[in-house]
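Spelled out, the chains give:
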Amino acid sequence: MNIVRSRWTKILLFSSSFASIIYLLRRYRRYLVLKENCKFIEPQQESITNISSSSSLIAIHKRFFNQLLVIIRILIPRLRSDSFILLITHLTTLITRTFLSIYIARLDGAIVKSLVQRNSHKLIRTIIIFLIVAIPASFINSLIKYAESKLALAFRSKLTRYAYESYFRSQTYFRVSNLDGRLLTPDQNLTDDIETFTSLLTHLFSQLTKPFLDIAVISWTFVILIQQKKHARGLKEVPILTSLVVFMTFWILRKLSPQFGRLVSEETRRRGLLRFAHTRIIANAEEIAFFDGHEVEKTWISKLYYQLREQTNLIIKKRLWFIMVEQFLMKYFWHSCGMIFIAIPCFTYDGPAETDDPIGDPLGISLRTEEFTVSKNLLSSGADALERIMSSYKELTELAGHTNRVYKMLHVFDECAHERYQRIPMILGEEYSCISMKRKVTLNQQAHGQIIESNDDIIAENVPIITPNGDVIVESLSLKIIPKMHVLITGPNGCGKSSFFRIIRGLWPIYSGCLHQPNPSNFFLIPQRPYMCPGTLRDQIIYPHTIDQLHIDDNQLIEILNNVELQYIVQREGGLNVERDWKDILSGGEKQRLGLARIFYHKPKYALLDECTSAVSIDVEGKIYERLKQLGISLLTITHRPSLWVYHTHLLQFDGKGQWTFEILDTKNRLTLKDEKERLEFQLAIVPEMQRRLNELCQSFLFFDCKQLLQLYSLSNSKKIMYQSTLFILSVAIIQLNYACYITNCPIGGKRSLNINNILHAHQCPRCGLNGQCFGPSICCTHFGCRMGHPSDIHQCSTEDHSVIPCTIKSKTCSMLSNGRCAANGLCCNAESCHMDKTCSVSSNHFIDNVQDETQV
Ligand SMILES: Nc1ncnc2c1ncn2[C@@H]1O[C@H](COP(=O)(O)OP(=O)(O)OP(=O)(O)O)[C@@H](O)[C@H]1O
């Protein structure tokens, strides 16, 4: 009480409470920020979590064991496999270690006994034996770790090999990411997940096997010990009480245990998304840098990181309370119970004193001490084993989570290999909403189209083009392409041109109809951005061949580079054997040409060229096409470039509304028609502007709205009315244009420059300045002289533009300029300029007189 009352204690209590409150408030604020940050991508997560939770694969139950069994069959395919031999080795080391532990416990008891007996010889002898036994025991301990790591590696190799085989079979790697939506990060599944699963599995194997062995052997040793103690009461109840304590602990822990499997599985998924986002940034670094898009990327990545952090925090928090309860029960509670159990014979023994030294130790204290030490050691080993089994529950639930991920990966690989796909509807709805107008089909079923291998021809019979999302791009396509046919494929963006390639190459499933397709080795696709594989320049040309499959020499390879006008690259980069990051060091056009070089190397029957020359200059493109045709390769080209038309014999045209045409390509005629079309399109493009101007003129000068007339024109169905309306509009337009030209300043210098002597009723030109007269659009003269280009004069003189009749200046004509009139003393002007003229003399009221004259007229 005194302590509590002391001033310092009060200050300490107050400040710690204050600090705690501040800490909690800060934590709460950070939690709110975190929650806010995570909001943005929550819906997608929810949908994915639902998929895993709905199938309830996380908890330890029958399904988990079934999944584990499937995977174990992959890990241990036969009894003679290396993984099984390693497993047996590991098991043997574990058993040996158990027996050694019991032996060491007994040696420990013997040491204590010799101490109590004060028998130095026996003590030294026992210690020497103890040290000798410690050598194999240490080796076995190390061997356990070694065997565990080797076993984990063997399991990992087996599972990785199996997964790679599935992943690279039947283009599963393409199908998983393009046609199926269940695995968002297959890279993570194939690397991290497999590694974590196999190390956790082997760890749990040692964690569980040895404790079970320990418990079995220790229990057996105790049974023998109990049987020897005939005169001690209450020992028979010890096994029942022990089981009761263990069962109770297990029950409490199970009730309190959070679902670690689910939590860890979710954490792994979020880690995968974060890694995926980083990979995306590396792949698109250049574009992001060009657009300065790092802020957007940073925000997105931070959000993903916060989500991961939130989940990791949750797990850490849940572990804190769970481990506390676990430690209390299994360390302290069990220890107390154990001490009570082994103390029972000390209190209840009522037989004669047991001693092997009746003279030195008649009461048998040393023997009892030895028994107590052995029992205590055994009991602590047993408790340790039980503790491990119990704490393994947590790891077991985590293993369930990882098993689920690995199993799901293998399952999806298998389904994709058999063309059974599933997409996640929410993601589709968001990402591809632009094509939601198209007809959609449900695709969670197997494709029923027929694929027949043909010798040479590609024949499609009523084959639809359907995207992996179920959007029907083309309802039914029927055509026949034979070798030596060169097909040009055109159409608007997104109409299915590239998808047509995917269909004939067998990348997308065929949902109905029949496709006769030559062996895939007859096709070679060059996309707009060709893939640059890791390796040498030679590897780029021969891809996907390897050096072992190379069938031509270096001179021929250089000849191939010649064909695509890329021979200089050998010298520039230092030979064919040089390794570079080709994706980064080559320009867009060079990459495209290197891609085309592969066709010269492989010489397929059909070259599928998907806008693969968009970055190549037109002259080089032409040469490459000519050379490809000389090799007898059929060219199927997607392009928007008319320069390529001449190299093709047929045209496949998609209209973007599900319709298509396939016909012979008459290039010459088509180019003429194209020219005409472009010309007409250009003319039509300026029609609205002309109509606007015409209407303006109609309103200004005819007080008539031509729009009505134009409407009448566009509404009139009858050809005769249309014809008449056109004639009328044109006549009106011509008259108006001429008239408009006449009344605006069409001639140089405006209307004033016309010879007005021939025009009746010409009126006086407008006044300007101080008693001045407008001579031209920007010339104002008084008898003092003329000024040119003054804004107020321009403003006043431009009123003349609105007058229908031209104006005149009634002063004396002068000969220095054509249509010139005397503007001031010694100055002759016309509507455009002024010139010195000695013959000109005017009086001060000259212009006023003129006005009066005009009034009289
Ligand atoms: N993997 C995919 N999953 C779902 N839809 C896809 C996929 N690939 C393409 N699509 C959709 O299929 C439609 C046709 O695509 P395609 O690539 O064939 O167009 P395209 O005619 O080659 O267009 P462009 O001229 O722009 O290259 C598009 O609406 C596109 O969104």
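Residues numbered from 1 in each chain as written. Predicted model: local features only at pLDDT ≥ 70, side-chain atom pairs only at ≥ 80, totals over all residues. Heavy atoms only, no water.

## Some details on the overall build of the protein chain
Tallying secondary structure elements over the protein chain gives 26 helices and 19 strands in all. Per-residue burial over the protein chain gives 42% buried out of 857 residues. Across the protein chain, contacts joining residues at least 24 apart in sequence account for 72% of those joining residues at least 6 apart. (Helix = DSSP H or I, 4+ residues; strand = E, 2+ residues; numbered from the N terminus. Buried < 20%, exposed > 50% of the residue type's maximum accessible area, 1.4 Å probe, protein only. Contact = heavy atoms within 4.5 Å.)

## Comments concerning the packing of aromatic side chains
Any two aromatic rings considered together are summarised by their centre-to-centre distance and by the angle between their planes. Applying the stated criterion across every chain, the model contains 13 aromatic pairs. Summarising the aromatic geometry, the rings of phenylalanine 260 and phenylalanine 322 are spaced 5.8 Å apart at their centres and angled 65° between planes, so their arrangement reads as edge-to-face. Remark: phenylalanine 322 occurs in helix α12 (residues 294-348) and phenylalanine 260 occurs in helix α10 (residues 260-283); sequence separation between them is 62 residues. On the accessibility criterion, phenylalanine 260 (0% relative accessible area) is buried. Classification of phenylalanine 322 as buried rests on a relative accessible area of 4%. Through successive ring pairs, a cluster of aromatic residues spans Tyr164, Tyr167, Phe168, Tyr173 and Phe413. (Phe/Tyr/Trp six-rings, centres within 6.5 Å; stacked < 30°, edge-to-face > 60°.)

## Considerations on unusual backbone geometry
Residue proline 544 is reached from tyrosine 543 by a cis peptide bond, and omega for that bond is 10°. Residue placement: proline 544 occurs in the loop between α16 (537-542) and α17 (554-563). The backbone of asparagine 462 sits at a positive phi, close to 50°, despite the residue not being glycine. Classification of asparagine 462 by relative accessible area gives partly exposed; the value is 47%. In this structure, lysine 484 takes a positive phi of about 75° despite not being glycine. Position of lysine 484 among the secondary structure elements: in the loop between β3 (472-481) and β4 (487-490). Residue lysine 484 is classed as exposed on the basis of its relative accessible area, which comes to 57%.

## Brief notes about a nonpolar patch on the surface
A cluster of nonpolar side chains, namely Phe14, Phe18 and Ile22, defines an oily patch on the protein surface of about 340 Å² accessible area. As for its placement among the helices and strands, phenylalanine 14 is situated in helix α2 (residues 7-39). (Patch = residues over 30% accessible without salt bridge, like charges linked within 9 Å, V, L, I, M, F, W, Y side chains within 5 Å. Areas by Shrake-Rupley, 256 points an atom, 1.4 Å probe, with all protein chains shown as cover. Salt bridge = Lys/Arg side-chain N within 4 Å of Asp/Glu carboxyl O.)

## Considering the UniProt feature "transmembrane region" (unreviewed entry) in the protein chain
Residues given the UniProt feature "transmembrane region" (unreviewed entry) here are residues 84-105, 126-144 and 238-254. Taken end to end, residues 84-105 is 100% helix and 0% strand, and its two terminal C-alpha atoms sit 32 Å from one another. (UniProt positions renumbered as here; feature names shortened; annotations may be inferred.)

## Brief notes about the state of the cysteines
One pass over the full model with this rule turns up six disulfides. Between the sulfur atoms of cysteine 768 and its disulfide mate cysteine 780 the distance is 2.0 Å. Sign of the S-S torsion, about 100° for the bond between cysteine 768 and cysteine 780, identifies this disulfide as right-handed. Of the two residues, cysteine 768 sits in strand β12 (residues 767-768) while cysteine 780 sits in strand β14 (residues 779-782), which places them twelve residues apart along the sequence. When sorted by exposure, cysteine 768 lands in the same class as cysteine 780, which is buried. (Disulfide = S-S within 2.5 Å.)

## Remarks on the packing of helix α4 (residues 62-75) against helix α6 (residues 120-167)
As a packed pair, α4 and α6 sit with axes 9 Å apart at the nearest point and diverge in direction by 100°. Classed by the angle they form, the pair α4 and α6 counts as roughly perpendicular. Judged by residue contacts, Ile71, Ile74 and Leu75 of α4 engage Phe155, Lys158, Leu159 and Tyr162 from α6. (Axes fitted to C-alpha atoms, helices over the stretch in contact; angles between N-to-C directions. Parallel < 35°, antiparallel > 145°, perpendicular 65-115°, else oblique.)

## Considering the side chain of lysine 158
Looking at the secondary structure, you find lysine 158 in helix α6. Of the residues examined, lysine 158 reaches a relative accessible area of 14% and is grouped as buried. Among all residues touching lysine 158, those that are not within four sequence positions of it are Ile74, Leu75, Pro77, Asp82 and Ser83.

## A word on the site of the ligand
As a matter of local geometry, the ligand sits amid 18 residues, with Asn493, Gly494, Lys497, Ser498 and Ser499 nearest to it. A distance of 3.0 Å separates an oxygen atom of the ligand from a polar atom in the side chain of asparagine 493. A distance of 3.5 Å is found between an oxygen atom of the ligand and a side-chain nitrogen or oxygen belonging to arginine 502. Here the ligand, which alone exposes 640 Å², has 79% of that area covered by the protein. Broken down by element, the residue count for the shell around the ligand peaks at four residues, all from helix α15 (residues 497-504). Each residue belonging to the shell around the ligand can be placed in one class, and the counts come to six nonpolar, eight polar and four charged. (Near = heavy atom within 4 Å. Polar contact = N/O pair within 3.5 Å; in protein donor to acceptor, adjacent residues only side chain to side chain. Nonpolar A, V, L, I, M, F, W, Y, C, P; charged D, E, K, R; others polar.)

## Thoughts on the packing of α17 against helix α20 (residues 588-602)
Where α17 meets α20, the axes come as close as 9 Å, and the angle between the chain directions of the two elements is 125°. Comparing their axes, α20 and α17 come out oblique. Crossing hand, α17 versus α20: right-handed. Along the contact surface, α17 presents Leu557, Ile560, Leu561 and Asn563, while α20 presents Leu594, Ala597, Phe600 and Tyr601. Here the residues of the contact of α17 with α20 are counted per class, giving seven nonpolar, one polar and no charged. (Left-handed = near helix turned anticlockwise from the far one by under 90°.)

## Considerations on the pattern of salt bridges
By the definition in use, this model includes 25 salt bridges. Arginine 182 serves as the salt-bridge partner of aspartate 180, at 2.9 Å between the closest nitrogen and oxygen. Measuring nitrogen to oxygen at the nearest pair gives 3.5 Å for the salt bridge that ties aspartate 584 to lysine 583. Overall, the relative accessible area of 53% leaves aspartate 584 in the exposed class. One continuous salt-bridge network, built from bridges that share partners, spans Asp180, Arg182, Glu415 and Arg420.

## Topic: the nonpolar core
Core analysis: the biggest nonpolar cluster contains 63 residues, and Phe500 and Leu636 have the highest contact counts within it. A per-element tally of this core places helix α13 (residues 365-417) first, with nine residues. There are two domains that each give this core at least three residues, and those are domain 1 (40-273 + 303-417) and domain 2 (450-665). With near-sequence residues (within four places) excluded, phenylalanine 500 lies in contact with Ile465, Leu477, Leu479, Ile481, Ile489, Leu652 and Phe654. (Core = buried A, V, L, I, M, F, W, Y, C linked by side-chain atoms within 4.5 Å. Domains from an automatic or database assignment.)

## With respect to the sheet that holds strand β18 (residues 827-829)
With antiparallel pairing, the three strands of this open sheet are ordered in space as β17-β18-β19. A single partner strand is all that each edge strand has here, and the edge strands are β17 (821-824) and β19 (834-836). Each strand of the sheet is rotated relative to its neighbour by a mean of 40°, with strand direction disregarded. Bridging between β18 and β19 involves three bridges; their strand directions are antiparallel. Bridging from a neighbouring strand, leucine 827 pairs with methionine 836 of β19. (Pairing = 2+ DSSP bridges.)

## Observations regarding the sheet that holds strand β1 (residues 450-453)
The pairing of strands in a sheet comes from backbone hydrogen bonds and takes either a parallel or an antiparallel form. Strand order in the open sheet made by the four strands is β1-β5-β2-β3, with mixed pairing throughout. On the outer flanks of this sheet lie β1 and β3, each paired with one strand and no other. When strand polarity is set aside, the average angle formed by the axes of neighbouring strands in this sheet is 25°. With three bridges joining them, strand β2 (residues 458-466) and strand β5 (residues 514-517) adopt antiparallel strand pairing. Counted as the bridge partner of alanine 460 is leucine 515 from β5. Together, β2, β3 and β5 form the strand contacts of α15, whose direction differs from that of β2 by roughly 120°.

## Quick word on α6
Its 48 residues give α6 an end-to-end C-alpha distance of 69 Å, which sits within 8% of 70 Å, the value for a rise of 1.5 Å per residue. In the structure, α6 departs most strongly from a straight axis at alanine 134, where the bend amounts to approximately 25° and where the proline proline 136 lies between one and four residues downstream. (Expected span 1.5 Å × (residues − 1). Bend = angle between axes of the 7 residues up to and from the residue.)

## A word on the pairing of strand β8 (residues 634-638)
Burial analysis of β8 places five of its five residues in the buried class, which makes it a mostly covered element. Both faces of β8 are covered, namely the face carrying Ser634, Leu636 and Ile638 and the face carrying Leu635 and Thr637. As for the winding sense of the linkage, the β-α-β connection from strand β7 (residues 606-610) through helix α21 (residues 618-630) to β8 is right-handed. (Right-handed = clockwise from strand over helix to strand, strands pointing away.)

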